[in-house]
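Now for the letters of each chain:
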Amino acid sequence: MKFPDLPMYAGFQRPGRFEADVRDIEVVQGAIPHDLDGAFYRVGPDPQFPPLLGTDIPLNGDGMVSMFRFENGRAHFRNRWVRTPKFIAEREAGEPLFGAYRNPFTDDPRVANVCGGTANTNVLWHGGKLLALKEDSHPVEIDPITLDTIGPWSYDGALTSETATAHPKIDPRTGSLVFFGYAARGEATNDIAYYEADASGNIVFEKWFEAPYSAMLHDFGVTENYLIFPLFPLVSDLQRLKDGHPYFEWNPEKPMYLGVVRRRDPEAKINWYVGPARFASHTMNAFEQDGKLHVDMPVGDACVFPFFPEINGADFDPDAAVPYVSRWTIDLTSPSTDFSLNRLCDIPGEFPRIDERSSTLGYRYGFVCLQETVQDPTLPGSFTGLRFSKLGRVDHRTGELTTHYVGDASATQEPIFVPRPNSVDEGDGYLLVLVNRYAEMRSDLLILDAQRLDEEPVATLALPLRLRNGLHSTWISGEDLTAAEADHSRLERTHAHTAGRNL
Ligand SMILES: [Fe+2]
């Protein structure tokens, strides 16, 4: 086997394809704070096999989960692939069986009834389960201690949608989980299924809607009383899929929509607010204020993914695609279907995160990867070609931007905010972030003080290995991990999934 000579498989993005444990990661600067107790999990695509069709999109690799366990001023690393049904089928065959991204018409007939989800986009800790997520399929449960796969999770059959978003939100007031599936009745359908699960992980509310067209619905906004579905014209069409087109194509001639739904209301209708085409991937936060809904996202004028081409054949425009943290505002007291859009940060950025104790609520701080205007074009970009050389903290109250430059020939991956134990103030905690060191072809993990972002890191952990660009991440507290360690049923369930298979 050999991976094709394509940039997406070269340099820092060369497939990692290793599963490893590193005890006591080397600390080359500063010291790991003793009050940092818990584990940081992140996931990203890492293909098990070269692409069946000779090429692929970078977002279609098999999900590889990394775990950094912090305890007593030490950190330990673990890396495991998620054993999805796709991964197992291909490993047992010893070859790739799935074709183009989300295109069953290109798959090997041997996997006609096998789910092609890769579980490569996000990891979620909720209801005592660690779930690896991909928006085209059901979550896959993994063991938070061993990272062994327990298996696909359908909420005991209550998840009737064929899909579940990789960007669910936890309501910090109740611990409930708010999520949805798009293409909920199958590929390229325009059905949206909305769910809420209680703090124990039981689905307690379900409501279905239809979108004006079938398109990527990657993330959404959740406030105390509303959901906002941002629908951009990165459209999908079953016939075009059969004809061999990519799953998504950018159609700037269609409008964009913000779909607003009242939460937990069995009679709720979806109200679509409409505007000219824009594109955004991720939500920083959403909140209500004086009869208005605000949704903060990095927004560009065009689709940011070069591998989902314009439907009319126009060339990808990287300048139009550059995203800036911006705020959509909807006035619920107005009969108008308009909304406004205002820029909140003048440096392009993506991968926004917050102190999740303020999720769904009015908030002050947003953390985001930033792309400088002056950059070394020889450095590899992220999945979209953006090159993140700084981390930023946007203060929505003062408008101030504080930044941290991660070093020459380096780029950041998505940061995660970890609250300082027993703290109550928003933004009091640590920012953990993986940094690509291109000159050394190696990864560092930085621990930053989120309130002193411009200062040198609290600690720099030097990994003896390279972690190619990942996507999203989560944190589990030491207390929750101790409880998980005591839960032996998870090991029995893991064994039931993998019994008899040498995977
Ligand atoms: Fe995402």
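Residues numbered from 1 in each chain as written. Predicted model: local features only at pLDDT ≥ 70, side-chain atom pairs only at ≥ 80, totals over all residues. Heavy atoms only, no water.

The tally for this structure, following the rule as stated, stands at 30 aromatic pairs. Seen from their ring centres, Phe12 and Tyr438 are 5.2 Å apart, and the 80 degrees between their planes marks the pair as edge-to-face. Pair noted here: Phe12 is in the segment before β1 (20–22) and Tyr438 is in the loop between β31 (429–437) and β32 (442–449), with a separation of 426 residues, a long-range link. The burial state of Phe12 is the same as that of Tyr438; both residues are buried. Aromatic pair Trp250 and Phe279: ring centres 6.0 Å apart, planes at 90 degrees, arrangement edge-to-face. Taken together, the residues Trp250 in strand β17 (residues 249–250) and Phe279 in strand β20 (residues 279–280) connect sequence positions 29 residues apart. Like Phe279, Trp250 is buried. Through successive ring pairs, a cluster of aromatic residues spans Tyr101, Phe232, Tyr247, Phe248, Trp250, Phe279, Phe305, Phe307, Phe308, Trp328 and Phe339. The ring of Tyr247 has Arg102 lying over it, and the distance from NZ or CZ to the ring centre is 4.3 Å. (Phe/Tyr/Trp six-rings, centres within 6.5 Å; stacked < 30°, edge-to-face > 60°. Helix = DSSP H or I, 4+ residues; strand = E, 2+ residues; numbered from the N terminus. Buried < 20%, exposed > 50% of the residue type's maximum accessible area, 1.4 Å probe, protein only. Lys NZ or Arg CZ within 6 Å of the ring centre and 35° of its normal.)

This brings us to the environment of Gly366. By the secondary structure assignment, Gly366 is in strand β26 (residues 365–370). For Gly366, a relative accessible area of 0% translates into the label buried. Considered as a pair, Gly366 and Pro139 are 227 residues apart in the sequence and their alpha carbons are 27 Å apart. Beyond its immediate chain neighbours, meaning those up to four positions away, Gly366 contacts Met284, Arg353, Ile354, Gly392, Arg393, Val394 and His396. (Contact = heavy atoms within 4.5 Å.)

Bringing the domain arrangement of the protein chain into the picture now. Along its sequence, the protein chain is carved into domain 1 (164–315 + 326–335) and domain 2 (345–470). A C-alpha centroid distance of 25 Å is found between domain 1 and domain 2. Taken together, the 21 residues of domain 1 in the interface contact 21 residues of domain 2. Across the interface of domain 1 and domain 2, roughly 1,500 Å² is buried in total on both sides, 64% from carbon and sulfur atoms. Counting across the domain 1 and domain 2 interface gives 5 residue pairs in polar contact (both at pLDDT 80 or more). A per-element tally of the side of domain 1 that touches domain 2 places strand β21 (residues 285–289) first, with 3 residues. Residue composition of the side of domain 1 that touches domain 2, grouped by class: 11 nonpolar, 5 polar and 5 charged. (Domains from an automatic or database assignment. Buried area = accessible area lost by both parts, 1.4 Å probe. Polar contact = N/O pair within 3.5 Å; in protein donor to acceptor, adjacent residues only side chain to side chain. Nonpolar A, V, L, I, M, F, W, Y, C, P; charged D, E, K, R; others polar.)

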